[in-house]
Amino acid sequence: MIPETSAVAQPAAETASMPTSTYGLDWERGRIQGHVDGADAMKQAIYLVLNTERYQYPVYSWNYGVELLELFGRPVSYVLPEVKRRISEALLQDDRISSVDQFSFETEGGKVHVTFVAHTVFGEMELEKEVDIHV
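So, here is what we can say about the structure in this document. (Residues numbered from 1 in each chain as written. Predicted model: local features only at pLDDT ≥ 70, side-chain atom pairs only at ≥ 80, totals over all residues. Heavy atoms only, no water.)

1. Some details on the overall build of the protein
Scanning the protein for helices and strands turns up two helices and five strands. In sequence order, the secondary structure elements of the protein are arranged as β-β-α-α-β-β-β. In the protein, buried positions account for 32% of the 135 residues. (Helix = DSSP H or I, 4+ residues; strand = E, 2+ residues; numbered from the N terminus. Buried < 20%, exposed > 50% of the residue type's maximum accessible area, 1.4 Å probe, protein only.)

Printed below as a string of structure tokens:
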């Protein structure tokens, strides 16, 4: 005989979000100082992803970092859409980032300066990155 269950709905399990608190990086002094949380921690995480070359460091997962080194020496017409794709791909690995858009590019003297907006759980963040493409 199959046991009967009551029609009372069981409450859905709730998932707790992990805290974003991390050590704060003091960029000017090159030191770790205090802790950061929330939007500041998110900006720091984005900075670290965009300044870590993917596949170069065995301590990081292959899903971490951005692939920009191979753009060195390539024509600007190739670099601009690739920078957009690669930055988006790198940042969307973090589940706190829902989209990356509003890309704007400036090229000068063998460098590409890109500004963009990352849509995160902490709101929109205007960010920038400079990529050296010429020898």
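On we go from here.
2. Some remarks on the pairing of strand 1 (residues 22–26)
Two elements, strand 1 and strand 2 (residues 31–36), share four bridges in a ladder whose sense is antiparallel. Bridging from a neighbouring strand, Asp-26 pairs with Arg-31 of strand 2. (Pairing = 2+ DSSP bridges.)

3. Here we look at the packing of aromatic side chains
The final tally for this structure, using the stated rule, is six aromatic pairs. Ring centres of Phe-103 and Phe-105 lie 6.3 Å apart, and the angle between their planes is 15°; on these two criteria the pair is classed as stacked. On the basis of relative accessibility, which here comes to 27%, the residue Phe-105 falls in the partly exposed class. Aromatic side chains Phe-103 and Phe-116 sit 5.4 Å apart centroid to centroid with 20° between the ring planes, which places their arrangement in the stacked category. Here Phe-103, found in strand 3 (residues 97–108), pairs with Phe-116, found in strand 4 (residues 111–120); they are 13 residues apart in sequence, far enough to count as distant. Using a relative accessible area of 2% as the deciding quantity, one classes Phe-116 as buried. Linked through ring pairs, Tyr-57, Tyr-60 and Tyr-64 together constitute an aromatic cluster. (Phe/Tyr/Trp six-rings, centres within 6.5 Å; stacked < 30°, edge-to-face > 60°.)

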